[in-house]
Number of protein chains: 2
Amino acid sequence: MPIAETKDADDRLEQRMADAIRALAMDAVQKANSGHPGMPMGMADVATVLFNRFLRVDPSQPAWPDRDRFVLSAGHGSMLLYSIHHLVGFPDMTMDELKRFRQLGSRTAGHPEYGHALGIETTTGPLGQGIATAVGMAIAERMMAARFGKRLVDHFTYVIAGDGCLQEGISHEAIDLAGHLGLHRLIVLWDDNRISIDGPTSLSTSMNQVARFRAAGWDVRSVDGHDRAAVAAAIEAARKTSKPSLVACRTTIGKGAPNMQGSEKTHGAPLGDKEIEAARTALGWTSPPFEIPADVAAGWGRVAARGAVARRMWEERLASSSRRKAFEAVLSGKLPPSLPRRLAAFRKEHVGKATKVATRKSSEMVLGVINATTPLTVGGSADLTHSNLTVTPGLGSIGPGAFKGRYIHYGIREHGMGAAMNGIALHGGFIPYGGTFLVFSDYARGAIRLSALMEQRVIYVLTHDSIGLGEDGPTHQPVEHLAMLRATPNLRVFRPADIAETAECWELALAADGPSVLVLSRQALAMLRTSHSRSLPAARGAYVLREVAGGRRQVTLLATGSEVEIAVQAAELLASRYRLAAAVVSMPCWELFEDQPEEYRRAVLGTAPRIAVEAAARLGWDRWIGENGAFVGMTGFGASAPAPDLYAHFGIDTAHVVDHALRLAERAP
Amino acid sequence: MPIAETKDADDRLEQRMADAIRALAMDAVQKANSGHPGMPMGMADVATVLFNRFLRVDPSQPAWPDRDRFVLSAGHGSMLLYSIHHLVGFPDMTMDELKRFRQLGSRTAGHPEYGHALGIETTTGPLGQGIATAVGMAIAERMMAARFGKRLVDHFTYVIAGDGCLQEGISHEAIDLAGHLGLHRLIVLWDDNRISIDGPTSLSTSMNQVARFRAAGWDVRSVDGHDRAAVAAAIEAARKTSKPSLVACRTTIGKGAPNMQGSEKTHGAPLGDKEIEAARTALGWTSPPFEIPADVAAGWGRVAARGAVARRMWEERLASSSRRKAFEAVLSGKLPPSLPRRLAAFRKEHVGKATKVATRKSSEMVLGVINATTPLTVGGSADLTHSNLTVTPGLGSIGPGAFKGRYIHYGIREHGMGAAMNGIALHGGFIPYGGTFLVFSDYARGAIRLSALMEQRVIYVLTHDSIGLGEDGPTHQPVEHLAMLRATPNLRVFRPADIAETAECWELALAADGPSVLVLSRQALAMLRTSHSRSLPAARGAYVLREVAGGRRQVTLLATGSEVEIAVQAAELLASRYRLAAAVVSMPCWELFEDQPEEYRRAVLGTAPRIAVEAAARLGWDRWIGENGAFVGMTGFGASAPAPDLYAHFGIDTAHVVDHALRLAERAP
């Protein structure tokens with residue numbers, strides 16, 4: 001054929017490739033009788049251009065390190081992603097899976113779930129998380145490129161985001177950070193369909209998104225999202241700028257459904273058989289449901305073939321690279337074998353000494369060892385570096401054009417930090433940890449939940465963990481946060497009591513398969529561990545810190561973090577003044593304790609009456625203290641005053657523990 | 001004096017009035033040895049101009065309804081507010097209180113706490129909450145003005161916000177909504193000091209805030225924040241526009257401290273005696289700590305006097321207004337006495353019928369009664385109106401230039417919605433309720449916590465409350481959220497089981513002194529209440545829904561919401577097939593149950609073994625089931641599938657409850 005005709009044929013084929021997405025999305029949603037056809041149909045053209053002309057994806061090696069990342073931030077449009085994954089030939093995304101959309105045990109969950117199917121780069125659905133996670137991926141890409149060069153690290157991060165993503169607050173945190181850092185390999189394709197669930201977006205927003213992104217330091221291009229040539233030109237240009245890019249794609253939601261397109265009715269419900277039939281006619285799509293014509297299949301197959309070539313060329317570059325071993329080592333995410341040894345030495349050095357430091361300070365000391373031992377850790381803080389004590393000497397700051405460092409000033413953006421850390425962890429090459437006050441885990445909840453759902457190795461360093469922070473008052477004093485975090489599945493919540501436990505908790509967090517939270521004190525705490533242990537007592541979640549003489553307990557005191565010291569003092573007082581035998585159990589991590597054999601748990605908790613001491617809400621403690629136990633902690637919000645005054649005011653002190661102990665042991669105080 | 005000299009004298013006095021703030025802030029922080037002098041010193045000039053020339057405040061009647069609202073969004077600068085409140089003569093803000101800054105029991109908490117001192121319009125400290133709460137106040141002001149006209153409602157809402165406020169995601173949600181609604185009586189004074197805690201803001205942001213606010217539909221003016229005439233001119237102009245206004249005030253943090261100003265070192269720590277002495281010299285401030293020269297006191301006194309005049313004139317207008325009674329009625333916040341009667345009639349109509357509806361639908365039906373009976377309620381949703389079922393006929397939408405309605409399309413902005421509802425409640429005149437999915441309470445956590453801390457009557461309508469939402473999958477299925485909300489002090493968490501309970505919970509939420517959460521199902525639930533009760537069984541938090549014949553329980557089933565139906569079915573099966581006597585306790589509100597006398601609680605819980613059924617995390621349930629009880633619920637995240645499949649998959653069903661009951665009653669299944 002002459003070139004012009006070839007071009008026409010290519011163009012017609014690309015249109016049919018897009019229409020295949022539309023057909024699969026309509027049909028799968030209809031079969032499930034549940035889902036969102038509007039977005040996949042509206043963005044089918046944009047997504048097809050992206051995959052057909054730009055994205056480097058190899059379904060035969062879905063986790064190939066230098067692949068382009070694609071994030072469907074508007075996760076409700078999951079059929080867009082599943083359709084494409086089927087069409088390009090991800091081996092697990094069979095047609096049967098599309099037919100089982102949204103059914104129990106299928107790979108085609110309602111929203112894309114990381115780990116449920118190959119090639120899903122991150123879980124999306126809670127709006128705005130995708131774009132903010134992608135910022136983390138793009139940061140990791142820049143950091144890897146700074147370390148290993150363009151020969152080994154040469155990929156883009158593409159995002160499809162909807163109006164909802166851009167209305168959510170987290171999007172502000174994400175785009176401000178991305179613009180500041182100049183993440184020019186981040187390209188966001190905005191599905192500007194002007195429809196949200198309640199109706200036209202004009203019901204609730206008048207934002208000029210183009211101006212908004214420019215204000216944040218982004219390059220912006222506006223195109224008709226159904227003009228594939230224009231979309232391609234915009235992406236081509238976006239790939240060449242020195243800034244992150246927004247391509248505003250003006251689209252029609254449900255494009256292709258002749259009677260419903262452009263309406264919110266296509267957003268979140270099946271179109272119905274009649275409208276689907278009409279759409280087939282309008283699109284000229286003659287295949288029955290869940291059948292793909294050979295030419296369309298071949299077209300999508302070429303996308304995969306192009307990806308495979310790129311992947312093989314990259315593998316050749318890697319094979320011939322002098323940095324190969326280092327590259328593979330960081331990507332493995334494995335910690336150096338010397339780390340446990342060094343941390344043991346650190347613990348040994350401190351155990352039994354009279355040092356009195358806050359656990360946030362202990363954490364800084366431990367991080368000094370960790371960061372000097374492995375290059376994997378990337379620290380940061382939401383503008384509380386010198387309060388969270390998250391930086392150690394020599395890390396070097398990440399900044400515009402400067403990605404060799406290992407410390408990120410995330411700004412006053414807890415939610416954006418959490419999502420960025422998820423993206424960094426998902427990208428691979430690094431173990432991110434980031435700090436803020438425990439109370440501001442509230443602001444990061446959405447991202448923390450996704451860390452847990454995706455089981456990513458993200459470490460939240462949450463300091464100023466109780467009324468012990470003192471004068472800042474109740475807005476800054478967590479009360480309900482330990483319960484909130486402990487109730488979250490897959491999340492390890494560590495609240496260490498002294499330097500030794502802090503080192504152990506850090507070691508456990510680094511070794512974990514999922515996310516961890518380190519809950520640390522502002523105020524100085526005594527060193528409680530009296531002898532060095534080669535094993536990690538904290539690894540069992542709870543352990544007997546002080547056993548009674550002779551082993552016959554009259555009461556058992558349970559505590560975490562800063563309150564373990566109070567429990568120890570109370571036990572000493574009970575022994576010396578009242579001849580009451582009180583054991584003290586430190587419980588730095590409930591989740592690990594729950595995983596222990598019942599026998600161990602029973603031995604630790606004992607049969608004597610139990611009193612829990614924690615400067616937080618009671619919720620959850622009844623499991624450990626039982627019906628006849630007592631709880632010494634918070635019953636409401638905190639107050640503004642120096643910390644010692646607050647502990648006395650709220651009755652979280654030795655005297656109250658002693659009173660309860662005497663009462664439970666049936667002794668008059 | 002000639003006019004020019006008077007003007008000069010006025011100008012010199014205004015400067016001294018500002019310096020009085022600086023002196024008090026330095027001295028109080030120094031005395032407390034804790035706090036933030038930098039912001040009050042940097043914004044002293046701006047705040048003085050605002051109060052001296054514009055703000056209508058009358059310390060003798062601090063809650064005067066038509067006062068201007070002032071919100072210190074950068075709440076860490078609390079000494080700015082306390083200093084001004086002392087200087088204008090709020091009766092409770094004595095010099096002794098300033099000397100007791102950040103001490104136990106003082107009115108001068110670390111951050112401004114609503115209710116701790118007169119004239120504090122809202123609690124601030126968690127960054128961004130102030131500006132977002134102020135948007136709610138400005139919405140309420142427009143709504144009241146639309147109802148009662150300018151004669152009775154003619155005030156502004158002023159905000160001082162810092163860089164932190166503008167970096168937080170919530171600020172995006174707030175300014176987008178404010179710009180969309182054209183809240184032209186909202187004026188934000190931005191403390192553009194280019195310093196955050198970690199150092200210069202250039203560490204983490206390159207945002208062009210001026211362009212950003214313009215993109216959101218705001219008027220923006222930029223001034224030197226120490227040029228009082230320029231500040232005054234900008235505020236004057238901002239008061240006249242048809243848009244919300246940002247005044248970007250370029251300031252020097254710690255202004256007046258000659259060696260430290262402009263540095264983050266002035267942000268969060270006392271300046272030290274030596275620097276304070278140097279500042280006194282630089283400012284020409286000769287008074288000792290905590291003493292105010294007579295001329296300065298008189299200058300600030302005139303601010304109060306002007307406010308008192310304005311207040312008295314307003315009172316005269318109110319006295320002569322034909323709308324006086326209506327105005328006072330809505331401001332009282334009192335519900336019409338007919339409401340309980342109508343809700344009782346509603347319950348009576350439905351009790352015992354075979355209607356099967358989701359509690360979100362029940363909620364809509366109840367809201368139909370409520371919204372038709374009182375004009376106080378203002379509904380809304382974060383773009384899930386027809387999922388949350390929060391709108392009722394005839395409410396009318398709030399929109400640009402249209403404030404007579406009672407329904408707010410908050411957009412995809414859960415956090416902004418929560419804060420706006422706080423602002424609406426604080427302003428007075430309305431009872432706000434707003435909907436989203438329970439899982440997205442994560443996104444609104446920061447605002448929910450402030451509803452609780454301030455004990456505001458804000459009602460969160462949280463639907464799709466479990467795996468019962470089905471196909472949307474784990475990102476949309478709450479698991480840990482009930483624990484998170486129950487652990488939050490001052491918050492009532494209602495999870496009703498049927499139409500009758502839903503009506504009761506709504507009635508209790510409306511009558512409460514603080515915030516409530518209504519946790520509602522997506523899926524249809526049976527009507528369980530068999531007979532009408534004039535009292536509200538739900539008011540006791542938990543009650544026996546099905547007692548056993550003869551009163552001798554062999555097991556007690558505890559459940560909430562959608563799982564009460566499962567418990568009832570299990571009890572029936574246990575009775576009919578196994579002759580095992582199982583009582584069913586419905587527990588729609590733990591908090592209210594906790595408040596009951598122990599005798600009542602014991603009677604309800606009984607002495608038989610107990611099994612709890614709730615499609616959520618276990619955390620917290622051990623309190624009610626005891627050490628020998630059982631829990632049927634979630635142990636991890638959910639999945640994507642039709643709801644009935646999920647209940648079966650996760651074993652939250654009659655069969656599992658029956659198995660546990662037989663085991664606990666020591667019967668082989």
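Quick note: structure is the one above.
Please read all numbers here as calculations on a predicted model, not as lab measurements. (Residues numbered from 1 in each chain as written. Chains lettered and ligands numbered in written order. Predicted model: local features only at pLDDT ≥ 70, side-chain atom pairs only at ≥ 80, totals over all residues. Heavy atoms only, no water.)

Asker: Help me understand the state of the cysteines, please; the structure alone is not making it clear to me.
Answerer: Covalent bonding between the sulfur atoms of two cysteines defines a disulfide. Within the structure shown, the criterion is met by zero disulfides over all chains. This cysteine, Cys165 of chain A, is not joined by any disulfide, and Cys249 of chain A carries the nearest cysteine sulfur, 13 Å off. For Cys165 of chain A, a relative accessible area of 1% puts it in the buried group. Cys589 of chain B carries a free sulfur, and the closest cysteine sulfur to it, the one in Cys505 of chain B, is 7.1 Å from it. (Disulfide = S-S within 2.5 Å. Buried < 20%, exposed > 50% of the residue type's maximum accessible area, 1.4 Å probe, protein only.)

Asker: Can you walk me through the relation of the copies chain B and chain A in this structure?
Answerer: In summary, the two copies of the chain are related to each other by a rotation about an axis coupled with a shift along it. Placing chain B over chain A gives an RMSD of 0.0 Å and needs a rotation angle of 180°, together with 0.0 Å of translation along the axis. Taken together, the rotation angle and the small translation identify this as a two-fold axis. (Least-squares fit on C-alpha atoms with pLDDT ≥ 70 in both.)

Asker: Any chance you could explain the pairing of strand β6 (residues 219-224) of chain B here in plain terms?
Answerer: Regular strands place their side chains on alternate faces of the sheet. Residue and element names in this part refer to chain B. Judged from the six bridges that link them, β6 and strand β7 (residues 245-250) form a sheet pairing that is parallel. Within the sheet, the bridge partner assigned to Asp219 lies in β7 and is Ser245. Following the chain from β6 across helix α9 (residues 228-238) to the adjacent parallel β7, one finds a crossover that is right-handed. (Pairing = 2+ DSSP bridges. Helix = DSSP H or I, 4+ residues; strand = E, 2+ residues; numbered from the N terminus. Right-handed = clockwise from strand over helix to strand, strands pointing away.)

Asker: In this structure, what is going on with the packing of aromatic side chains? I would like to understand it.
Answerer: Two numbers describe a pair of aromatic rings. These are the distance of the centres and the angle of the planes. Enumeration over the complete set of coordinates arrives at 28 aromatic pairs over all chains. Ring geometry for Trp621 of chain B against Phe631 of chain B: centres 6.5 Å apart, planes inclined by 35°, an arrangement best described as tilted. Taken as a pair, Trp621 of chain B in the loop between β19 (610-614) and α23 (622-625) and Phe631 of chain B in strand β20 (residues 630-633) lie far apart in primary sequence, ten residues in all. For the pair Trp621 of chain B and Phe631 of chain B, one class covers both residues: buried. Linked through ring pairs, Trp590, Phe593, Tyr600, Trp621, Trp624 and Phe631 of chain A together constitute an aromatic cluster. When the ring centre of Phe156 of chain B is taken as origin, the NZ or CZ atom of Arg185 of chain B, which lies over that ring, is 4.4 Å away. When the ring centre of Tyr600 of chain B is taken as reference, the NZ or CZ atom of Arg540 of chain B above it lies at 3.7 Å. (Phe/Tyr/Trp six-rings, centres within 6.5 Å; stacked < 30°, edge-to-face > 60°. Lys NZ or Arg CZ within 6 Å of the ring centre and 35° of its normal.)

Asker: Explanation requested: the nonpolar core in the structure shown.
Answerer: Soluble, globular proteins show a tendency: their nonpolar side chains are buried together. In this structure, Leu186 and Trp506 of chain A together with Leu186 and Trp506 of chain B are the most contacted members of the largest nonpolar core, which totals 224 residues. Among all residues touching Leu186 of chain A, those that are not within four sequence positions of it are Ala134, Val135, Ala138, Thr157, Val159, Ala178, Trp218, Pro244 and Ser245 of chain A. Core analysis: the next-biggest nonpolar cluster, separate from the first, contains 108 residues, Ile467 and Ala612 of chain A together with Ala615 and Phe631 of chain B among them. (Core = buried A, V, L, I, M, F, W, Y, C linked by side-chain atoms within 4.5 Å. Contact = heavy atoms within 4.5 Å.)

Asker: How should I be thinking about the sheet that holds β19 of chain B in this particular structure?
Answerer: Hydrogen bonds along the backbone pair up the strands of a sheet, which may run parallel or antiparallel. All names here are of chain B. Overall, mixed pairing links the five strands, which are arranged β16-β18-β17-β19-β20 in an open sheet. Across the chains shown, the open sheet's two edge strands, defined by having one partner strand only, are β16 (543-546) and β20. On average, each strand axis in the sheet is tilted by 30° relative to the strand beside it, whichever way the strands run. As judged from the four bridges shared by strand β17 (residues 555-559) and β19, these two strands associate in the parallel manner. Within β19, the residue paired with Leu557 across the bridge is Ile611. (Axes fitted to C-alpha atoms, helices over the stretch in contact; angles between N-to-C directions.)

Asker: Just checking my understanding: could you explain the interface of chain B and chain A for this structure?
Answerer: Every contact between the two is made by 98 residues of chain B and, on the other side, 98 residues of chain A. Buried area between chain B and chain A, summed over both chains or domains, comes out near 8,100 Å², and the portion from carbon and sulfur atoms is 58%. Where chain B touches chain A, the interface holds ten salt bridges. A salt bridge links Glu627 of chain B to Arg610 of chain A, with the shortest nitrogen-to-oxygen separation between them at 3.0 Å. The interface formed by chain B and chain A includes 55 residue pairs in polar contact (both at pLDDT 80 or more). Across the side of chain B that touches chain A, the residue classes break down as 36 nonpolar, 38 polar and 24 charged. (Buried area = accessible area lost by both parts, 1.4 Å probe. Salt bridge = Lys/Arg side-chain N within 4 Å of Asp/Glu carboxyl O. Polar contact = N/O pair within 3.5 Å; in protein donor to acceptor, adjacent residues only side chain to side chain. Nonpolar A, V, L, I, M, F, W, Y, C, P; charged D, E, K, R; others polar.)

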